[in-house]
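# Coordinates in review
Residues per chain, in single letters:
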2 protein chains.
Amino acid sequence: MLPEHARAHNRSLVLQHLFHEGPTSRADLARATSLTRVTISDLVNVLLSEGLVEELGVQPGRRVGKPAILVGMRTDAYQIVAVDLSDDAVMRGAVMTLTGEAVVRRSLPVAGQVGDALVDLLTRFARTLISAATRPVIGVGVGSPGVVDDSGRIVEAPNRQWSDLPLAAILTDRLALPVHVANDANSAALGEYTYGGAADSMLVLTVGQGVGAGVMVDGSRVRGAADAAGELGHVTVVDDGELCACGRRGCLETVLAAPALRRAVAGLDPAAADEALAGVGRTLGTALAPVVGALNLGEVLLSGPADLLDGALRAAALQALTDRTMPATAAGLRLRMATLDEDVVLAGAAVLVLAAQLGVS
Amino acid sequence: MLPEHARAHNRSLVLQHLFHEGPTSRADLARATSLTRVTISDLVNVLLSEGLVEELGVQPGRRVGKPAILVGMRTDAYQIVAVDLSDDAVMRGAVMTLTGEAVVRRSLPVAGQVGDALVDLLTRFARTLISAATRPVIGVGVGSPGVVDDSGRIVEAPNRQWSDLPLAAILTDRLALPVHVANDANSAALGEYTYGGAADSMLVLTVGQGVGAGVMVDGSRVRGAADAAGELGHVTVVDDGELCACGRRGCLETVLAAPALRRAVAGLDPAAADEALAGVGRTLGTALAPVVGALNLGEVLLSGPADLLDGALRAAALQALTDRTMPATAAGLRLRMATLDEDVVLAGAAVLVLAAQLGVS
DNA sequence: CGGGGCTAGTTAAGACGCTGTACTAACAAA
DNA sequence: TTTGTTAGTACAGCGTCTTAACTAGCCCCG
């Protein structure tokens, strides 16, 4: 560790504070970071010259002494390009502000492309998005299915016919911008953590064609021994259950994926449908109980079709979690819907860039 | 972050390397830490003057150039006092080297003491250990049951009648030494991680009077939203199971705690006993599968009576884990016995001190 | 209404930590 | 013996933080 790393760390502290707490005076930044006013002034001057922050006039608070000048982060000064590859059929992308709002949205049918052709298609798609940006782009974030290591290498993504592919490195080279790649469900967790106000210790369950999960523990993303953390979709939850796409039986995905849920409630009257969904909820709660107990999670978030998830299913899952973990663990636990809906993965991809380039998350 | 923090970090890098890799030349330390030889020389000189490292003569390797002088950590130069409070009836303690070997062992019957009286007893016990040390003591580590926050405050330890008790602060004050306190099962995980060579992502299950767990994720200990991570013992694993001490039914503890296991095999012939243990193993595997899947754990360690755990139970649990998680997750998973036996908690308590005082873990 | 008290922010000097460069020390190979 | 290589050290310089001392701007009070 060198002095310049300490400098970068302090710079991130300032940005992190401005990002989450809003405009702040230099003096308050000094108190919050426990650095001196001198150091903060210096850092702020650098950030001002980069256009990352701006002065916003004096603080409205009326106290004795010289009035403080508020410094705020210019969340519209730079933009981030985010791509969501979780859908087999269509690439979704956006140009986003630093606060995770999509300024421009694009999507592109994948048309069955896989392997290197898909990388080329993704490159072109990213270029389109970059040129659609209205401000300088600080980086590109990609949420992809499959196992992705911390260097942005796709270890394995069977449906894309990607294996041991250094996607981040390839795109960084081709786009001449910093590119960061992570698993889509892990991205979702990052998105909910940073933009959705989720707890420090939480799990996001993404329910769509399949079931994925991303876990945050004590404020950082869980990677796992083989970068495969979050593979809850293929944990067995029903003995001798339905055949799963993975070849095994009774995976969580066979009861919780959106198509499975639709099938389960098809043609049923509302009460019976609720009972069916509650059954899935109990199964989910039973599977999650050991995870919640072992990690003492503060929140579990469900991301996916609200009409299926946010009702009897969620209530039954919470009940099962409460019944099956000790009161001290269950008392602090919330089970709620994710707040970012369809943009979760895009938002998370943006957070990848935000965290890596500015140290904000 | 200040420059001196960077210095402390670099110092820890050196110690960490020497601790885990053994004696190393300054030049090799420079390469390993990517600092310059100049900086390393300076750091090593400071460490030499503190007696933490020593020169060990020239490196046996025969290459061109000036032969390198090996520098090694003096793991016997300082000692750590560790206390294990996990047993209701007896306090166990030890004076340990920096490598986690017990030099002196002591134990003290608790004689039903609780609350403040127990704190006083613990203080006296620690003083005894400190005076039994043959080298300067760098700190005291305590592994305690109950919920312990990161400042060493006992949030709740019902059996000790401790609640919201700043144990680490009290002992630091009374003993005039740095004192660090953590949950006993979490300590066990730390001990196995640092001294037992456990994987970066792993879970240690401690089986004794009760069942506890400690989780390491990507090399750091999981604390949880309310500092209660590792409470796996009271996750429901058997529907309508036996009544648990916690008042609920079918907790993992009701089948996996040592007394429960002994009852389950009492009077059975070996084959029947193995079948009973295998049943518990399957239950355990089923409960652990979601945890292993969500975190992509590399290892699960069992700590407790080997005659009960290390046989049919372990085999069945591994089989269940393999059956119930996806192959990619299960392939890299090991389920083995902990290596440190009865000293796990003591070793972990030592690691608390080692990590906090020297930055080594 | 003018000075004392307080807070915000800047300037200047100094301490600390790392680097690059240049040096000496100690060996192997030619 | 000379040359080349590697280990370790001395010294100047740069970056980064701190403390101390300053200016700026406001409230309060006599």
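The structure contained in this document is the topic of the report that follows. (Residues numbered from 1 in each chain as written. Chains lettered and ligands numbered in written order. Predicted model: local features only at pLDDT ≥ 70, side-chain atom pairs only at ≥ 80, totals over all residues.)

## What about the sheet that holds strand β9 (residues 154-157) of chain A?
All names here are of chain A.
- Taken in spatial order, the 3 strands of this open sheet run β8-β9-β10, and their pairing is antiparallel. With one partner strand each, in any of the chains shown, β8 (147-148) and β10 (162-165) form the two edges of the open sheet.
- Relative to β10, β9 is paired through 3 bridges, and the arrangement is antiparallel. Bridge pairing in β10 links I154 to L165. (Pairing = 2+ DSSP bridges. Helix = DSSP H or I, 4+ residues; strand = E, 2+ residues; numbered from the N terminus.)

## Things to note about the packing of helix α6 (residues 184-194) of chain A against helix α13 (residues 344-358) of chain A
Residue and element names in this part refer to chain A.
- Relative to each other, α6 and α13 sit at 80 degrees, their axes nearing to 7 Å. Judged by the angle between their axes, α6 and α13 are roughly perpendicular. From α6, D184, S187, A188, A189, L190, G191, E192 and T194 reach across to α13, where they touch V344, V345, A347, G348, A349, V351 and L352.
- Here the residues of the contact of α6 with α13 sort into 9 nonpolar, 4 polar and 2 charged. (Axes fitted to C-alpha atoms, helices over the stretch in contact; angles between N-to-C directions. Parallel < 35°, antiparallel > 145°, perpendicular 65-115°, else oblique. Contact = placed C-beta atoms within 7 Å. Nonpolar A, V, L, I, M, F, W, Y, C, P; charged D, E, K, R; others polar.)

## Describing the protein's contact with DNA strand C
- Every one of the 28 residues lining DNA strand C counts as a neighbour, but R26, S41, G65 and K66 of chain A together with K66 of chain B are closest to it.
- Listed by contribution, the elements that provide at least two residues to the surface near DNA strand C are α2 (26-33) and α3 (37-50) of chain A together with α1 (3-21) and α3 (37-50) of chain B.
- Ranked by the residues each element gives to the surface near DNA strand C, the list is headed by α1 of chain B, at 5 residues.
- Of the residues that constitute the surface near DNA strand C, the class distribution is 13 nonpolar, 7 polar and 8 charged. (Near = placed C-beta within 6 Å.)

## What about the sheet that holds strand β4 (residues 79-84) of chain A?
Residues and elements named next belong to chain A.
- Strand order in this open sheet of 5 strands is β6-β5-β4-β7-β11, and the pairing throughout is mixed. If you trace the sheet from one side to the other, it starts and ends with β6 (102-109) and β11 (179-183), each paired once. The average undirected angle you get between the axes of adjacent strands in this sheet is 15 degrees.
- Direction of pairing for strand β5 (residues 90-96) relative to β6: antiparallel, over a ladder of 7 bridges. Residue pairing across strands places R92 opposite S107, the latter belonging to β6.

## Some details on the relation of the copies chain B and chain A
- Each copy of the sequence occupies a distinct position, and chain B is placed on chain A by a rotation of 180 degrees and an axial shift of 0.0 Å, giving an RMSD of 0.0 Å. Both chain copies can therefore be described as sitting about a two-fold axis. Considering only C-alpha atoms, the part of chain B nearest the rotation axis is V291 of chain B, at 2.5 Å.
- The share of interface residues of chain B whose copies in chain A are also at the interface is 100%, consistent with both copies meeting through the same surface. (Least-squares fit on C-alpha atoms with pLDDT ≥ 70 in both.)

## Topic: the pairing of strand β11 (residues 179-183) of chain B
Residue and element names in this part refer to chain B.
- With 5 of 5 residues buried, β11 lies mostly within the body of the structure.
- Relative to β11, strand β7 (residues 137-144) runs parallel, the two being bridged by 5 bridges. When the bridges of β11 are listed, V140 appears paired with V179. (Buried ≥ 20, exposed ≤ 12 C-beta atoms within 10 Å, placed from the backbone.)

## Details of the protein's contact with DNA strand D
- Close to DNA strand D lie 29 residues, the nearest being K66 of chain A together with R26, S41, G65 and K66 of chain B.
- Elements represented by at least two residues in the surface near DNA strand D include exactly α1 (3-21) and α3 of chain A together with α2 (26-33) and α3 of chain B.
- The greatest single-element share of the surface near DNA strand D, amounting to 5 residues, is contributed by α1 of chain A.
- Here the residues of the surface near DNA strand D sort into 13 nonpolar, 7 polar and 9 charged.

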